[in-house]
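What follows is each chain in one-letter form.
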Amino acid sequence: MCVGVPCKILSIAPGVMPMGRIDVAGHVQDACMAYVPEAQVGDYVLIQNGFAMNLLTPEEAQDSLDTWRELGMIS
């Protein structure tokens with residue numbers, strides 16, 4: 001079972017396999033954006049295994065991040 005983490009897109013580098021810089025609860029890393037071509041800088045996406053899988057509304061992302069914090073998984 002995979003656990004998706006909500007992240008904010010900071011930048012996107014175009015290409016055959018577009019890569020985005022994402023903020024994962026304060027940690028910046030890269031993720032493939034190929035599955036969400038409609039994603040824009042500032043959007044929230046659900047990341048699984050290094051791939052953005054779904055777009056999230058800011059409210060959905062915040063609710064999920066709040067739950068992660070309550071569980072002690074992020075600070």
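So, here is what we can say about the structure in this document. (Residues numbered from 1 in each chain as written. Predicted model: local features only at pLDDT ≥ 70, side-chain atom pairs only at ≥ 80, totals over all residues. Heavy atoms only, no water.)

Considerations on the overall build of the protein
Defined as follows: Helical segments are the DSSP runs of H or I of at least four residues, strand segments are the runs of E of at least two, and each set is numbered from the N terminus. For the radius of gyration, the atoms used are the C-alpha atoms, and the globule rule reads 2.2 Å times the number of residues raised to 0.38. A 1.4 Å probe rolled over the protein chains alone gives each residue an accessible area, and that area as a share of the maximum for its type sets the label: buried under 20%, exposed over 50%, partly exposed in between. The contact criterion used is simple: two residues touch if any of their non-hydrogen atoms lie within 4.5 Å. Using a 1.4 Å probe, the Shrake-Rupley method yields the accessible areas, and only the shown protein chains count as cover for residues.
Counting its secondary structure elements, the protein contains 1 helix and 5 strands. N-terminal to C-terminal, the α/β element order of the protein is β-β-β-β-β-α. Here the protein has a C-alpha radius of gyration of 12 Å; the compact-globule value for 75 residues is 11 Å, and the two agree. Along the first, second and third principal axes, the C-alpha atoms of the protein reach 40 × 25 × 20 Å. Across the 75 residues that make up the protein, the buried fraction comes to 29%. Counting contacts in the protein only where the partners sit at least 6 residues apart, residues at least 24 apart contribute 35% of the total. Only carbon and sulfur atoms are counted for the fraction: they give 56% of the accessible area of the protein, which is about 4800 Å².

Details of the pairing of strand β4 (residues 44-48)
Put simply, the rule reads: Should DSSP find at least two bridges between two strands, the strands are taken to pair.
With 4 bridges connecting them, strand β1 (residues 5-13) and β4 associate as antiparallel partners. Directly across from lysine 8, in β4, lies its bridge partner tyrosine 44. Pairing of β4 with strand β5 (residues 51-56), which is carried by 5 bridges, proceeds in the antiparallel orientation. Residue tyrosine 44 lies in a different strand from β5, and its bridge partner there is leucine 56.

Note that every value here comes from positions in space, so none of it alone points to a role or purpose.
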